[in-house]
Amino acid sequence: MGCAGSTQTKRDWKPLENRSCTDIPWLILFTLFCIGMLLIAGFSVATGAAFRLLSGYDSYGNTCGQTNEKIPGIELSGQNHTGKRYVFFLDPCNIDLTQRRIKSLALCVSSCPQTTLQTYYDIRNFAITNNSLLCTYDLNPSQYTSSRESTTKCPKLPVPASKSLPVFHRCMPVNISCYAKFAEAAVNFFTDSSVLHTVAAGVMASKGVIIGLCVMSLVLSMILMVVIRYISTILVWILGAVVAIGSLVATGVLWWVYVDHQKTAESSQPGIEQNLARENATALLIYAIVATVFTVVLLLLMFFMRKRVALTIALFHEAGKVFIHIPLLVLQPFWTFLSLMFFWICWLSVLLFLGTAGKPVKNQEGLVEYQMDGPLQYMVWYHAVGLIWVSEFLLACQQMTVAGAVVTYYFTRDKSKLPLTPIVSSILRLMRYHVGTVAKGAFIITLVKIPRLILTYIHNQLKGKENACARCMIKACVCCLWCLEKCLSYLNQNAYTATAINSTNFCTSARDAFIILVENALRVAAINTVGDFILFLGKVLVVSCTAFAGVLLLNYQREYTVWVVPLIIVCLFAFLVAHCFLSVFESVVDVLFLCFAIDTKYNDGSRGSEYYMDKSLLRRNTGLISLDTRCFSVPYLQKPLNFNKY
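Numbering of residues starts from 1 in every chain and runs along the sequence as written. Since the coordinates come from a predicted model, pLDDT governs what is reported: local features require at least 70, and pairs of side-chain atoms require 80 or more to be given and counted, while whole-chain, interface and lining totals use all residues. Values reported for side chains reflect all heavy atoms of the structure, with hydrogen atoms and water molecules removed beforehand.

J.: Any chance you could break down unusual backbone geometry for me, citing the residues and the numbers?
T.: The phi angle of most residues is negative, glycine excepted, and most peptide bonds adopt the trans form. The step from Leu157 to Pro158 runs through a cis peptide bond, and the omega angle for that step is -10 degrees. Helix numbering and strand numbering both begin at the N terminus, where a helix is a DSSP run of H or I of at least 4 residues and a strand a DSSP run of E of at least 2. Mapped onto the elements, Pro158 comes out in the loop between α4 (148-153) and β5 (162-164). For Asp23, which is not glycine, the phi dihedral falls at a positive 50 degrees. Looking at the secondary structure, you find Asp23 in the segment before α1 (24-46). Backbone geometry places Asn131, a non-glycine residue, at a positive phi of 55 degrees. The rule is simple: take the accessible area with a 1.4 Å probe, protein chains only, and divide by the maximum for that residue type; under 20% is buried, over 50% is exposed, in between is partly exposed. The class for Asn131 is exposed, based on a relative accessible area of 59%.

J.: Pulling in residues and values, what's your account of the pattern of salt bridges?
T.: When a carboxyl oxygen of Asp or Glu lies within 4 Å of a side-chain nitrogen of Lys or Arg, that pair is called a salt bridge. Under the counting rule described, the total for this entry stands at 7 salt bridges. With its nearest N and O atoms 2.7 Å apart, the salt bridge here joins Lys153 to Asp138. On the criterion of sequence distance, the pair formed by Lys153 in helix α4 and Asp138 in the loop between α3 (120-130) and α4 is long-range, its members being 15 residues apart. Of the charged contacts in the structure, one is a salt bridge between Glu519 and Lys601, with a shortest N-O distance of 3.0 Å. One end of the pair, Glu519, is in helix α14 (residues 506-519); the other, Lys601, is in helix α16 (residues 564-602), and 82 residues separate them in sequence. We classify Lys601 as partly exposed; its relative accessible area is 37%. Beyond isolated ion pairs, a larger network of salt bridges with shared partners links Glu392, Lys449, Arg452 and Glu485.

J.: Quick one: what's the story with the nonpolar core, residue by residue and with numbers?
T.: Residue types Ala, Val, Leu, Ile, Met, Phe, Trp, Tyr and Cys, when buried and joined through side-chain atoms within 4.5 Å, form a set referred to as a nonpolar core. Residues Tyr410, Phe585 and Val588 are the most contacted members of the largest nonpolar core, which totals 81 residues. In this analysis, two residues are considered to be in contact whenever any of their non-hydrogen atoms come within 4.5 Å of each other. With near-sequence residues (within four places) excluded, Tyr410 lies in contact with Lys415, Leu592, Cys595, Phe596, Asp599, Tyr612, Met613 and Leu617. Ile74, Tyr86, Ile123 and Tyr370 belong to the second largest nonpolar core, which has 33 residues in total.

J.: An account of the confidence of the model for the protein chain is requested, with residue identities and associated values reported.
T.: Of the residues in the protein chain, 81% have a pLDDT of 70 or more, and the chain-wide mean is 78. Known as pLDDT, the predictor's confidence for each residue is given on a scale from 0 to 100. Throughout residues 1-10 the model reports pLDDT below 50, and contacts reaching past four residues in sequence, or to other chains, amount to 16 contacts. Contacts of residues 184-196 to residues separated by more than four positions or lying in other chains number 13 contacts, the stretch itself having pLDDT below 50.

J.: Any chance you could break down a nonpolar patch on the surface for me, citing the residues and the numbers?
T.: Only residues whose relative accessible area exceeds 30% and that form no salt bridge enter a patch; like-charged residues are grouped when within 9 Å of one another, and nonpolar side chains (Val, Leu, Ile, Met, Phe, Trp, Tyr) when within 5 Å. Per-residue and other accessible areas follow the Shrake-Rupley method at a 1.4 Å probe size, with only the shown protein chains counted as cover for residues. A surface patch of nonpolar side chains, amounting to about 710 Å² of accessible area, comprises Phe334, Trp335, Phe337, Leu338, Met341, Trp344 and Ile345. By secondary structure assignment, the location of Leu338 is in helix α10 (residues 332-355).

Pasting the structure below:
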């Protein structure tokens, strides 16, 4: 992937200097791929699939709202539906759960019935009054009777009052109670429609509280990103104390139980009972010894890793200062979410267009279905790959943007000389120089994710089959690919940071970042374990506060009879919001760590080789840096260098 030919010369780290374009071939390849996706979208529109999807079509292949051509072998095709703009289903409540579609004959009509039609007489009057035929096209309104022919070619009685959907022109029942079975089967939770209606009514009644609590979780997450630096120290030492005391107590309990069983074995009469007691005592002795060794190793690790844990706390504190200097970092999850939602909506629309762009074929019931064959199937696969690659590309753009802004902050000695909007500057650098690098990193993740998704699909298809060995092997492969994907994602993020610093291509940046990470393996382990735990506690804190506030509000408003579903909705939203925001915080910490590691490796604090790190970060980590006393000369630290050219 363009990695061949990478030189092994020593990397001369020059933050924010000598900016140049990176991975141009991958920029060209990604651009061509996106053009291909646009051509597929244009093809689906040009072939009439877009209009067919939006306007709807009947069961005979006629598109509503236009004049249609005759389809060979379909008797009622080729109809003139210029004045018939709505799709009407004869039995809208007959839903096929397997195929996830309405299993009913569809017709093009002039208008949807606004009131419930109880008899065929009502259907005939509606047809005459509104010039809208609700039975098949080969029946006249005078034939709308209770005959056998009418029962198969006319809507099922009673015909529910319906209303056309916005944009899609489908007549759908106003009362959604007929979908209760579908909802129950899909959710597999409610046992009768009364429970479904009660829950739905409770959610609708408490929608104001739900919206308010969701906003509250959003505000709490934003506040937590700033204040977490003040509580990280307390959380880390609480965690250390709990782990140490817990392991000591567990080990002590095992030794106490061993001694008790040993006394029981000695006092027992010779025989089967004594032998069994001795075997239990022996097993407990082994457990106690293993627990003792584990506790000793754990305590030694905690003792020798205490300074690296202190580095984690210091980086959390520094990350909080980053958000104060660059407040627009808080909005990064919003832009990424909006970009992903816009792309997913466009992608899904094109997929639906492609689903109706196939050739009309006659099914077993004598009706028309559009089937994809030949090149159209390859378009769908191409479109599916685009979903993964472009989604990963957008996520990688967020990582590169955050990395560029944090790198600008870290390697600017005088924080008053920071750009007015480091985030905007980072986005402009990304768009001008590093789109190819981001596209290449996203493609590597795509190469791992596609086979994992395929194997996951195969594993799900094999559920209930007798070949358990094959399912187990596939599951193992899925787990291995998942682990590989996570490792590559972490390496990619650090590669983007190296690119943001040195403006090197993806492979060079990944190699340099990997070397830095290997040299600081213990620090990486401490940051990833302790840091992840702190962030997890932060998510729990946001969810707990939101849930507690929800209980108080719902208890105060006694008219809300259903609490469970609103609280579940609020807690899920709170967790997702906290995860999105704290993921950005985690990215900032990772970028700061790589900058710190590079700073301590290539600078020693002497004149001409001063540290870039903030003085507070330097004071917190003096024990981690092997320096003599001249390394901490404040005048050297305050001397600015011109690293703001980009």
